[in-house]
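# Architecture and fold: a report
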Amino acid sequence: MIAKMRYRGRLCLKYHRPFWKLYLKYLCAACVISFMSMFCVTLSEELRKEFQNDKTIYENTTAADEMFKKVRILCLVITTSGHLNKQIPVVNATWGTRCNKILYVMCTDKKQPDILNSCDVKESKSHLTRKVRFMLRYVYLHYLKDYDWILKADDDTYVIMENLRFLLSFHNPDLPGYLGYHFNMHLKQGYMSAFKENGCPPDGKDEDLDIGKCLQMAGVPPLVSYDKYGRETFHTDKVWQHLYGTVPRYLKKYSWNGVTDGGGCCSQFSVTFHHVNPQTMLLMHQMLYRTSVYGRQTPTDISDMFHMAKVLPLL
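Residues numbered from 1 in each chain as written. Predicted model: local features only at pLDDT ≥ 70, side-chain atom pairs only at ≥ 80, totals over all residues. Heavy atoms only, no water.

## Regarding a nonpolar patch on the surface
Nonpolar side chains collect at one region of the surface, where Tyr140, Leu141 and Leu144 lie side by side and expose about 360 Å² of accessible area between them. Residue class for Tyr140 comes out exposed when judged on its relative accessible area of 55%. (Patch = residues over 30% accessible without salt bridge, like charges linked within 9 Å, V, L, I, M, F, W, Y side chains within 5 Å. Areas by Shrake-Rupley, 256 points an atom, 1.4 Å probe, with all protein chains shown as cover. Salt bridge = Lys/Arg side-chain N within 4 Å of Asp/Glu carboxyl O. Buried < 20%, exposed > 50% of the residue type's maximum accessible area, 1.4 Å probe, protein only.)

## A few points about the packing of helix H6 (residues 128–142) against helix H8 (residues 207–217)
Relative to each other, H6 and H8 sit at 50 degrees, their axes nearing to 8 Å. It follows that H6 is oblique to H8 by the angle criterion. In the crossing of H6 with H8, the sense of the turn from one axis to the other is right-handed. Across from Leu128, Thr129, Val132 and Arg133 in H6, the residues of H8 making contact are Glu207, Asp210, Ile211 and Cys214. Residues of the contact of H6 with H8, tallied by class, amount to 4 nonpolar, 1 polar and 3 charged. (Axes fitted to C-alpha atoms, helices over the stretch in contact; angles between N-to-C directions. Helix = DSSP H or I, 4+ residues; strand = E, 2+ residues; numbered from the N terminus. Parallel < 35°, antiparallel > 145°, perpendicular 65-115°, else oblique. Left-handed = near helix turned anticlockwise from the far one by under 90°. Contact = heavy atoms within 4.5 Å. Nonpolar A, V, L, I, M, F, W, Y, C, P; charged D, E, K, R; others polar.)

## Structural notes on the environment of Leu151
When you line up the elements, Leu151 lands in strand S4 (residues 149–154). Classification of Leu151 as buried rests on a relative accessible area of 10%. For the pair formed by Leu151 and Cys99, sequence separation is 52 residues and the distance between their alpha carbons is 9.2 Å. Contact partners of Leu151, with chain neighbours within four places excluded, come to Ile73, Leu74, Cys75, Leu76, Trp95, Val159, Met161 and Leu164.

## A word on the confidence of the model for the protein
Per-chain confidence: the protein averages 76 in pLDDT, with 70% of residues scoring 70 or above. Here residues 1–42 is a poorly scored stretch, pLDDT under 50, and it has 20 contacts once near neighbours within four places are set aside; other chains count. (pLDDT = per-residue confidence, 0-100.)

## Quick word on the packing of aromatic side chains
Aromatic rings in a pair are described by how distant their centres are and how their planes are angled relative to each other. For the structure shown, the criterion picks out 4 aromatic pairs. Aromatic side chains Tyr138 and Tyr143 sit 6.4 Å apart centroid to centroid with 50 degrees between the ring planes, which places their arrangement in the tilted category. Among the residues examined, Tyr138 registers a relative accessible area of 27% and is labelled partly exposed. For Tyr143, a relative accessible area of 17% translates into the label buried. An angle of 55 degrees between the planes, with centres 6.0 Å apart, marks the rings of Tyr143 and Tyr147 as tilted. The rings of Tyr138, Tyr143 and Tyr147 are connected pair by pair, giving a single aromatic cluster. Positioned above the aromatic ring of Tyr289 is the side chain of Arg98, whose terminal nitrogen or guanidinium carbon lies 3.9 Å from the ring centre. (Phe/Tyr/Trp six-rings, centres within 6.5 Å; stacked < 30°, edge-to-face > 60°. Lys NZ or Arg CZ within 6 Å of the ring centre and 35° of its normal.)

Structure follows, in structure tokens:
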């Protein structure tokens, strides 16, 4: 947050914009945010079904469908009951449908097949480590033989599941290992935003670091997740932050692989982007799955998409 404010401050000083123009700028931004918030709340069941079963989209999903069967992924989404009508419907309408199974981990009285109730753990950021440990133990006891990989994600993460399966297809699911954005501090092998008790924290707020300690003690190594060109597949922030080089300052210091902006920021087969609000999640889904460049990743024998006809005058 501090980095964002400083960056914004530099912009204001550089261009010397009059106060009234800045006022209008932020007023317009506030209006857009308010409108988008209302849109998010009114996300309908019809939109979810439309995104899942839209027969008007021309695409060849043969390879993705085959990979869906070969690389089975159980998605575990860390969330809270307060997000049941906010982030969760959008995840369900977009990337969540491409998991082999998805479970939302939260404390709630609501009973649903896709909810893993974590009320045994206090619902607080100070207990995220215990929440993840509870989640992993539950999966170990109930789903160990049903899936090849476990994905842990926050509810503000957008995951391109087809690319994740493609990446995982290069690894043996029977061997220990984990992948994510690789940080270089605190641990000898580093750790990724992904149970021996000695040195394995039972609880805390820094769950990515704590679970990294547990995995290191258990002999589970982090695996390389960038492509052959050195481009990252897992991303800590929004796509434009990595593209424009406006990621938080800490990342440039603690990134294991270094930080690159511009076209080299992100692999062609990127997997995740973080801190994505519901509106941006819908936008990303629209551009990834409902917008195509003809002749690229689409069938070329589309003969009925457009019609040669004149526009009829209005009556």
